[in-house]
Amino acid sequence: MSLKHVLGSCHCGTVRYQADVDLSKGTIRCNCSICTKARAWFTFAGGEQFHLLAGESNMSSYQWTPPGRPSPLLTYRFCKTCGVRIYGTGDAEFMGGKFYALAVATFDNVSTDELAAAPLRFIDNRHDRFDRAPEDTRLM
Ligand SMILES: [Zn+2]
């Protein structure tokens, strides 16, 4: 495990954050309905590993309850000015408590080589299968 101190921001720069992430644990792309629309590409950080530096009042929130679930798992946060989605956050026992799904595309100090070296995992969350890749990953 090697934590990298990541700096991230939205496109207009109003929202800025820092987080310690372990890129050796990889990044994920998911095929659920919202991730498909947003072309999501995430990596995870624990609640203690994420710190918002600026822009809390300039973010909007979006929640979505998947069919068959009692409540939303994540709250998605995005910049009101430029519309860039910064992260989804939730609190779940199976994730070890409060966690952040950080949009990898918002990282400012992670090189293409570092991202390419991080294991990329495809998630078939459209079928509630976090443990496997979907059959077709071509557009993920
Ligand atoms: Zn912005």
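Since we're looking at a predicted model, the values are computed, not measured. Along each chain, residues carry numbers from 1 onward, in the same order as the chain's sequence is written. Reporting of local features is limited, given that this is a predicted model, to residues whose pLDDT is at least 70; pairs of side-chain atoms are given and counted only at 80 or more, and all residues count toward the totals for whole chains, interfaces and linings. Note that the side-chain values use all heavy atoms of the structure and ignore hydrogens as well as water.

**Here we look at the packing of aromatic side chains**
Aromatic contacts are taken between Phe, Tyr and Trp rings whose centres are within 6.5 Å, Trp giving its six-membered ring; a plane angle under 30 degrees counts as stacked, one over 60 as edge-to-face, and the others as tilted. Counted according to the given criterion, the structure contains five aromatic pairs. With 5.1 Å between their ring centres and 75° between their planes, Tyr87 and Tyr100 make a pair best called edge-to-face. Taken together, the residues span a long stretch of sequence, with Tyr87 in strand E8 (residues 85–92) and Tyr100 in strand E9 (residues 97–103) at a distance of 13 residues. As far as burial versus exposure is concerned, Tyr87 and Tyr100 are alike and both buried. Connected via pairs of aromatic rings, a cluster forms that spans Tyr17, Phe50, Tyr87 and Tyr100. The ring of Trp41 carries the charged tip of Arg29 above its face, separated from the ring centre by 4.6 Å. Helix and strand definitions here come from DSSP, where helices need a minimum of 4 consecutive H or I residues and strands a minimum of 2 consecutive E residues; each element is numbered from the N-terminal end. Each residue is assigned to one of three classes by its accessible area relative to the maximum for its type, calculated with a 1.4 Å probe on protein chains only: buried under 20%, partly exposed between the two thresholds, exposed over 50%. The rule for a charge over a ring is simple: NZ of Lys or CZ of Arg within 6 Å of the ring centre, and within 35 degrees of the ring normal.

**A closer look at the coordination of the zinc ion**
As a rule, N, O and S atoms within 2.8 Å of a metal are its donors, except that Na, K and Ca use 3.2 Å; water is not among the atoms, so sites may look incomplete. Distances from the zinc ion to its protein donors, Cys10 (SG), Cys12 (SG), Cys79 (SG) and Cys82 (SG), fall at 2.3 to 2.4 Å. Considering all four donor atoms around the zinc ion, angles at the metal cover 105 to 120° and the coordination shape is tetrahedral. All donors of the zinc ion come from a single chain, and their spacing in sequence reads C-x1-C-x66-C-x2-C. Placement of Cys12 in the loop between strand E1 (4–9) and strand E2 (16–21) and of Cys79 in strand E7 (residues 75–79) is noted, with a sequence separation of 67 residues between them. The rule is simple: four donors are tetrahedral if all their angles sit between 85 and 135 degrees, four are square planar and six octahedral if opposite donors span more than 155 degrees and the others lie between 65 and 115, and anything that fits none of that is irregular.

**Points about the layout of surface pockets**
Both site types are read off a 1 Å grid over the protein atoms alone. A 1.4 Å probe that fits but cannot get out defines a cavity, while an open set with protein on both sides within 12 Å along at least five of seven lines defines a pocket; lining residues have an atom within 4 Å of a point. Grid points are joined across faces, edges and corners, and a volume is the space filled by probe spheres set on the points. What the largest pocket holds in volume is close to 530 Å³. Forming the walls of the largest pocket are 23 residues, and the residues nearest its centre are Cys32, Pro66, Arg69, Leu73 and Asn125. For the lining of the largest pocket, the elements supplying multiple residues, two or more each, are strand E3 (27–30), helix H1 (33–38), strand E4 (42–46) and E9. The residue makeup of the lining of the largest pocket, split by class, is 17 nonpolar, two polar and four charged. Estimated volume of the second largest pocket: approximately 280 Å³. If you trace the second largest pocket, you find 16 residues lining it, with Asn31, Thr36, Arg126, Leu139 and Met140 closest to the centre. The set of elements that each furnish at least two residues to the lining of the second largest pocket consists of E3 and H1. In this classification, Asp, Glu, Lys and Arg are treated as charged, Ala, Val, Leu, Ile, Met, Phe, Trp, Tyr, Cys and Pro as nonpolar, and every other residue, Gly included, as polar. Partitioned by chemical class, the residues of the lining of the second largest pocket number seven nonpolar, four polar and five charged.

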